Amino acid sequence: MTQRPFGWTGAQVPVIGQGTWMIEGSADVERRSVDALRAGIDLGLTHIDTAEMYGSGRAEEIAGKAIAGRRDEVFLVSKVLPSNASYEGALRACERSLKRLGTGRLDLYLLHWESQYPIGETMRAMERLIDEGQIRYAGVSNFDVDQVRAAQAALRNHRLASNQVLYHLGERGIERKLIIYCQEREIALVRYTPFGRAKFPRPDSSGGRVLEGIAKRHGRTVRQVILNFLTRLDGVFTIPKAGNLEHTTENAGGAGWALMAEDIEAIDRAFPAPTRDTPLAML
Ligand code: NAP
C-alpha cells in the first residue's frame, strides 16, 4: 500500500485507510466488520478512522476488537463530538474513547465539527492530551479555511495536524481554496465519503461511462479508479468504509498504480470542480 507523510508530522500513513461509520449491527454484521478491518490492516490499510459518535461508541468498540494485539500497526484516529468539546468534556470524551478502543493512545484526535464551545477551549484540551500522551496529534474535521486558521491560532505549543472533510467526484468544492491552504501549511487533508454514498456515479450516466472506460484500460474497477484519483495529490488521504472482505480488498487496489494525465483530464471534464467558491459541504 502506498504511504506518504501525514503532513508536517512526517508519520508514514497509507493513502487509503478504513472508515468505521455504520460498521455496527447484528452479531453477523459486526463479525464481518471486524474481519474486513483486520484484512484491511493485512493489506496495509492501517489508517483507521472512527468517532465517539459512530453507533454511540459501538464503532469504537468494534474497531478496538479489530486492532486488538495490533495497536502498533495502525494509525488510529477518533473524534470528539462538538457537544463534548468543552475543556473538561473533551478530556473525559477522550478517556472514554480510549477505553472503548482498548488502547492508551490515539494517533490523532479530531474535533468532529465546529462546536458551540470556543475553539480555544477545545484546543487547550487537545494540547493537554498531547502533553500527557493520550494523543499524538490534534486535528479538526469539517472546518473551512477561516475555521482552520482559528484552530491553528488557538494552539500554543503544538501544531494542527489534520483536517478531515467531505470530498468525492460530485463534491469538489474544497479544490477552490481549502486543499491549497492545507497543503501550504502541511496540514494533512483526509477526504471522507470517497464514494459519495447516494451520489455514487451511476454506470449508465455519462460520467459513469467515462470511469468504466478508464477502469477497463487499466484492468481496474471503477471504485479503484475513484480512490486512485482522490489520492493522487501530496498531503491527501482517503478513508473508505467497507463492510466485508471483498470490498476491503477491492478498495486496497485503489493505490499502487497511477492514472495517466489523459485519464485525469477526462475525469475532470466528467466531474468538474466548481468554478466559484461554495460553502464547505458536509454530511
Ligand atoms: P464511503 O466510504 O464513501 O462509502 C461507504 C459505502 O460504500 C458503504 O455502503 C459500503 O458498503 C460501500 N462500499 C465500500 N467499498 C465498496 C466496494 N469495494 N464495493 C461496493 N461497495 C463498497 O462513505 P462513508 O462511510 O460515509 O465515508 C467513509 C468514512 O469517512 C466513514 O466510515 C467515516 O469513518 C468517515 N466519515 C467522516 C465524517 C466526518 O464528519 N468527519 C463524515 C462521514 C464519514 P459495505 O458496507 O457493504 O462495504
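The structure contained in this document is the topic of the report that follows. Given the structure is predicted, the values throughout are model-derived calculations rather than measurements.

Okay, the packing of helix α1 (residues 27–42) against helix α2 (residues 58–67) next. The interhelical angle for the contact between α1 and α2, taken along N-to-C directions, is 50°, at an axis separation of 9 Å. With respect to each other, α1 and α2 are oriented oblique. Crossing of α1 over α2 shows right-handed handedness. Contacts between α1 and α2 involve Glu-30, Ser-33, Val-34, Leu-37, Arg-38 and Ile-41 on the former and, on the latter, Arg-58, Ile-62, Ala-63, Lys-65, Ala-66 and Ile-67.

Its volume calculated, the largest pocket comes out at about 550 Å³. The wall of the largest pocket is formed by 28 residues, among which Trp-21, Thr-193, Arg-197, Lys-241 and Leu-283 lie closest to the centre. The element that contributes the greatest number of residues to the lining of the largest pocket is helix α9 (residues 245–252), accounting for three residues. Of the residues that constitute the lining of the largest pocket, the class distribution is 12 nonpolar, 10 polar and six charged. By volume, the second largest pocket is sized at about 190 Å³. Looking at side-chain class alone, the lining of the second largest pocket contains seven nonpolar, two polar and five charged residues.

On to the packing of helix α4 (residues 119–132) against helix α5 (residues 145–154), then. α5 packs onto α4 with a crossing angle of 50° between their chain directions and a minimal axis gap of 9 Å. In terms of axis orientation, α4 runs oblique to α5. Considering only the axes of α4 and α5, their crossing is right-handed. Contact with α4, carried on its side by Ile-119, Gly-120, Met-123 and Glu-127, involves Ala-150, Ala-151 and Ala-154 of α5 and no other residues of that element. Its residues assigned to classes, the contact of α4 with α5 comprises five nonpolar, one polar and one charged.

Quick look at helix α3 (residues 87–101) now. The α-helix winds at 3.6 residues per turn, so residues separated by three or four positions along the chain end up facing the same way. With 15 residues, α3 should reach 21 Å at 1.5 Å per residue; the first-to-last C-alpha distance of 22 Å fits that figure. Looking one or two residues beyond α3, the residue adopting positive phi is Gly-102, at roughly 70°.

Moving on to the packing of aromatic side chains. Per the stated rule, a full pass over the model turns up five aromatic pairs. Each ring, one from Trp-8 and one from Tyr-137, has its centre 5.7 Å from the other, and the planes form 85°; the classification is edge-to-face. Of this pair, Trp-8 sits in the loop between β1 (3–5) and β2 (12–14) while Tyr-137 sits in strand β7 (residues 135–141); the two residues are 129 residues apart in sequence, bridging distant segments of the chain. Assessed through its relative accessible area of 13%, Tyr-137 is described here as buried. Above the ring of Phe-195, the side-chain terminus of Arg-223 is found at 4.6 Å from the ring centroid. Across from the ring centre of Phe-200, 4.1 Å away, lies the NZ or CZ of Arg-223, which sits over that ring.

Procedures and definitions
- Residues numbered from 1 in each chain as written.
- Predicted model: local features only at pLDDT ≥ 70, side-chain atom pairs only at ≥ 80, totals over all residues.
- Heavy atoms only, no water.
- Axes fitted to C-alpha atoms, helices over the stretch in contact; angles between N-to-C directions.
- Helix = DSSP H or I, 4+ residues; strand = E, 2+ residues; numbered from the N terminus.
- Parallel < 35°, antiparallel > 145°, perpendicular 65-115°, else oblique.
- Left-handed = near helix turned anticlockwise from the far one by under 90°.
- Contact = heavy atoms within 4.5 Å.
- 1 Å grid on protein atoms, 1.4 Å probe; cavity = no way out; pocket = protein on both sides within 12 Å on 5 of 7 lines; lining within 4 Å.
- Points joined across faces, edges and corners; volume = space filled by probe spheres on them.
- Nonpolar A, V, L, I, M, F, W, Y, C, P; charged D, E, K, R; others polar.
- Expected span 1.5 Å × (residues − 1).
- Phe/Tyr/Trp six-rings, centres within 6.5 Å; stacked < 30°, edge-to-face > 60°.
- Buried < 20%, exposed > 50% of the residue type's maximum accessible area, 1.4 Å probe, protein only.
- Lys NZ or Arg CZ within 6 Å of the ring centre and 35° of its normal.

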